[in-house]
Amino acid sequence: MSPTAYYRFEKLATKSVYRLDCVAATNNYQPFEAMRAVKKRGTTNRGDLFVYLLDVPKQFGGDIHNKATKSLTTSRGKNLSSIIAPDHASRYAYGDVMGTNDAILFIVEQPAVEVYIFSGKAQQKNKIWLMACRGQLDKELAVMRAAARPQARAMVQGVLPLY
């Protein structure tokens, strides 16, 4: 089982304490690529991709509050994914891309969040998380990480992704 896309988000110098900017990506996952800025606005340049790492909002329904404490949200306030960390001591967490059948494996190491997309695997997200925790996906994750290209915002800020 291999990821189909990769995005690395890091805290850069911006006005928001919750904003994470994309510093490396494979640039091949359409739902994320569609979120890129279309025009310059404030500190955001055309083509920038960023998300917000927030607590799960109270209005989220179901039993998600029993499973997740954080969510990844777009600049327009749309939820991308809840972040479920069954083992809070682990750096691995999982979720799925809202409105798709795609799973996400998160590697959370503050101030960075790595996002691995597994297209069509939303029903297997727990299995993907377990495999990652056991080191069974290390090779596949490394290949995807190596395929990522630095993003313009990271180069402008002088921050290159740490692999």
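This text goes with the structure placed above it.
Figured I'd write up the structure that's included with this text. Within each chain, residue numbers correspond to sequence positions counted from 1 in written order. With the structure being a predicted model, the display of local features is reserved for residues of pLDDT at least 70 and the display and counting of side-chain atom pairs for 80 or more, all residues being used for whole-chain, interface and lining totals. Hydrogens and water are ignored here; the side-chain numbers use all heavy atoms of the structure.

1. Quick look at the overall build of the chain
Piece 1. We count a stretch as a helix when DSSP gives it H or I for four or more residues in a row; a strand needs E for two or more, and each element gets its number in order from the N terminus. Helix and strand counts for the chain come out as 5 helices and 9 strands.
Piece 2. The order of helices and strands in the chain, counted from the N terminus, is β-β-α-β-α-β-β-β-β-β-α-α-β-α.
Piece 3. Across the 163 residues that make up the chain, the buried fraction comes to 47%.
Piece 4. For accessible areas, the Shrake-Rupley method is used with a probe of radius 1.4 Å. Any residue's cover is judged against the shown protein chains and nothing else. Of the roughly 8600 Å² that the chain leaves accessible, carbon and sulfur atoms contribute 52%. Buried, partly exposed and exposed residues are distinguished by accessible area as a fraction of the type maximum, computed with a 1.4 Å probe on protein chains only: under 20%, between the cut-offs, and over 50%, respectively.

2. Some details on the environment of L20
Piece 1. Note that L20 resides in strand β2 (residues 19-25).
Piece 2. For the pair L20 and P111, spaced 91 residues apart in sequence, the C-alpha separation works out to 8.4 Å.
Piece 3. Filtering out sequence-adjacent residues up to four positions away, L20 remains in contact with F9, E10, K11, L49, F50, V51, L53, P111 and V113. Contacts are assigned to residue pairs that have any heavy atoms within 4.5 Å of one another.

3. Considerations on unusual backbone geometry
Piece 1. The phi angle at N27 is positive, at roughly 60°, despite the residue not being glycine.
Piece 2. The class of N27 is partly exposed, set by a relative accessible area of 22%.

4. Regarding the pattern of salt bridges
Piece 1. Here, a salt bridge means any side-chain nitrogen of Lys or Arg that lies within 4 Å of a carboxyl oxygen of Asp or Glu. Within this structure, the stated rule accounts for 6 salt bridges.
Piece 2. Its salt-bridge partner being R8, residue E10 comes within 2.7 Å of it at the nearest N-O pair. Here E10 and R8 have matching classes, each one buried.
Piece 3. The closest approach of N and O atoms between R8 and E114, which form a salt bridge, is 3.4 Å. Of the two residues, R8 sits in strand β1 (residues 5-10) while E114 sits in strand β8 (residues 112-118), which places them 106 residues apart along the sequence.
Piece 4. For R8, a relative accessible area of 8% gives the class buried.
Piece 5. Overall, E114 belongs to the buried group, its relative accessible area being 4%.
Piece 6. Bridged by salt links that share partners, the residues R8, E10, E114 and R145 form one connected network.

5. Quick look at the packing of aromatic side chains
Piece 1. Side-chain rings of Phe, Tyr and Trp, where Trp is taken by its six-membered ring, are said to pair if the distance between their centres is within 6.5 Å; with planes under 30 degrees apart they count as stacked, over 60 as edge-to-face, and otherwise as tilted. Counted by the stated rule, this structure contains 7 aromatic pairs.
Piece 2. Ring centres 6.3 Å apart and planes at 55° place the aromatic pair Y94 and W129 in the tilted group. Of this pair, Y94 sits in strand β6 (residues 92-96) while W129 sits in helix α3 (residues 125-133), placing them 35 residues apart in sequence.
Piece 3. Relative accessible area serves as the criterion here: at 8%, W129 is assigned to the buried category.
Piece 4. Through pairs of rings, three or more aromatic residues link up here, namely Y7, F9, Y29 and F32.
Piece 5. Two conditions define a charge sitting above a ring: the NZ of Lys or the CZ of Arg must be within 6 Å of the ring centre, and it must be within 35 degrees of the ring normal. We note R19 situated over the ring of F50; from NZ or CZ to the ring centre the distance is 3.7 Å.

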